[in-house]
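Residue strings, one per chain:
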Amino acid sequence: MHFKKIKDKNTIMKKIMIFVACSIFTGNALFAQTEPLKLAYINSTALLSSMPEKAKADSDVAKYAKSFQDQIDIMMKDYQTKGQDYQAHEKTYTDAMREVKMKEITDLQNRIQAIQESAQEKLQQKKSDAYQPIIDRADKALKEVAKEKNYDFIFDQAAAGVLVFAKDMYDITPVVKAKLGIK
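Below is a summary of the structure that appears in this document. (Residues numbered from 1 in each chain as written. Predicted model: local features only at pLDDT ≥ 70, side-chain atom pairs only at ≥ 80, totals over all residues. Heavy atoms only, no water.)

Before going further, it helps to spend a moment on the side chain of K177. With respect to the helices and strands, the residue K177 is situated in helix 5 (residues 173-180). Summary of buried charges: K177 has no salt-bridge partner, and the nearest side chain of opposite charge, D171, is 8.2 Å away. Residue contacts for K177: discarding those within four places in its chain leaves A46, L47, S50, I182 and K183. (Helix = DSSP H or I, 4+ residues; strand = E, 2+ residues; numbered from the N terminus. Buried < 20%, exposed > 50% of the residue type's maximum accessible area, 1.4 Å probe, protein only. Lys, Arg positive; Asp, Glu negative; His and termini not counted. Salt bridge = Lys/Arg side-chain N within 4 Å of Asp/Glu carboxyl O. Contact = heavy atoms within 4.5 Å.)

Put into structure tokens, the structure is as follows:
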């Protein structure tokens with residue numbers, strides 16, 4: 001008997017949800033008849049790629065990453081050399097010497113791993129610092145265009161799954177580029 005009450009509550013909730021959804025749809029349909037929504041889309045990837053400051057940011061981030069990679073490469077060569085030396089002389093080492101050599105190799109391996117992790121974090125921060133002003137500038141221009149042109153919604157074509165189809169006439173990427181002074 002208790003199960004039946006829950007089922008009845010679920011049925012009532014479904015009916016209420018259908019009623020609310022129909023009410024919202026009807027309200028939107030009435031609103032849309034009096035004032036149609038103004039929609040547009042943008043390709044944020046194309047916009048950001050066309051911004052001149054992105055090329056400089058890409059270059060700065062690449063140089064920064066290379067400096068870490070150069071340091072890691074030097075340490076890796078040292079690691080390989082120590083590993084090969086250990087293998088070549090392992091039989092001639094005393095137990096104490098073997099232990100010391102293994103500790104050296106293990107410590108070097110741990111330092112390499114720590115530097116790689118630190119480099120990833122610092123590189124991520126560098127990317128954020130380099131690209132955020134570019135994204136902010138593009139976002140500001142997009143919002144200005146949206147306000148000037150009185151758009152209700154602007155979709156991003158570059159965002160996966162957000163925009164399946166749109167006519168080219170609704171693409172405001174060129175307008176935002178013009179706002180940014182980009183050809």
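From this point on, the discussion continues.
Glancing now at the packing of aromatic side chains. Tallied over the full model, the rule gives three aromatic pairs. When the centroid spacing of 5.1 Å and the interplanar angle of 85° are considered together, the rings of Y64 and F68 count as edge-to-face. Of this pair, Y64 and F68 both sit in helix 3 (residues 52-89), separated by four residues, roughly a single helical turn. Accessibility expressed as a relative area gives 26% for Y64, which makes it partly exposed. Between Y86 and Y93 the ring centres are 6.1 Å apart and the planes differ by 40°, which places this aromatic pair in the tilted class. (Phe/Tyr/Trp six-rings, centres within 6.5 Å; stacked < 30°, edge-to-face > 60°.)

Looking at the element boundaries, T173 is found in helix 5. A polar contact of 2.9 Å, which involves the side chain of T173, links it to the backbone nitrogen of N43. In this structure, T173 is in contact with Y41, I42, N43 and L47, ignoring residues within four places of it in sequence. (Polar contact = N/O pair within 3.5 Å; in protein donor to acceptor, adjacent residues only side chain to side chain.)

Let's shift gears to the packing of helix 4 (residues 95-149) against helix 5. Where helix 4 meets helix 5, the closest approach of the two axes is 9 Å, and the angle between their N-to-C directions is 115°. When the axes of helix 4 and helix 5 are compared, the pair comes out roughly perpendicular. Once helix 4 is placed against helix 5, the crossing between them reads as right-handed. Across the interface between the two elements, R137, A138, A141, L142, E144, V145, E148 and K149 from helix 4 touch V175, V176, K179 and L180 from helix 5. (Axes fitted to C-alpha atoms, helices over the stretch in contact; angles between N-to-C directions. Parallel < 35°, antiparallel > 145°, perpendicular 65-115°, else oblique. Left-handed = near helix turned anticlockwise from the far one by under 90°.)

These values are about where atoms sit, not about what they do.
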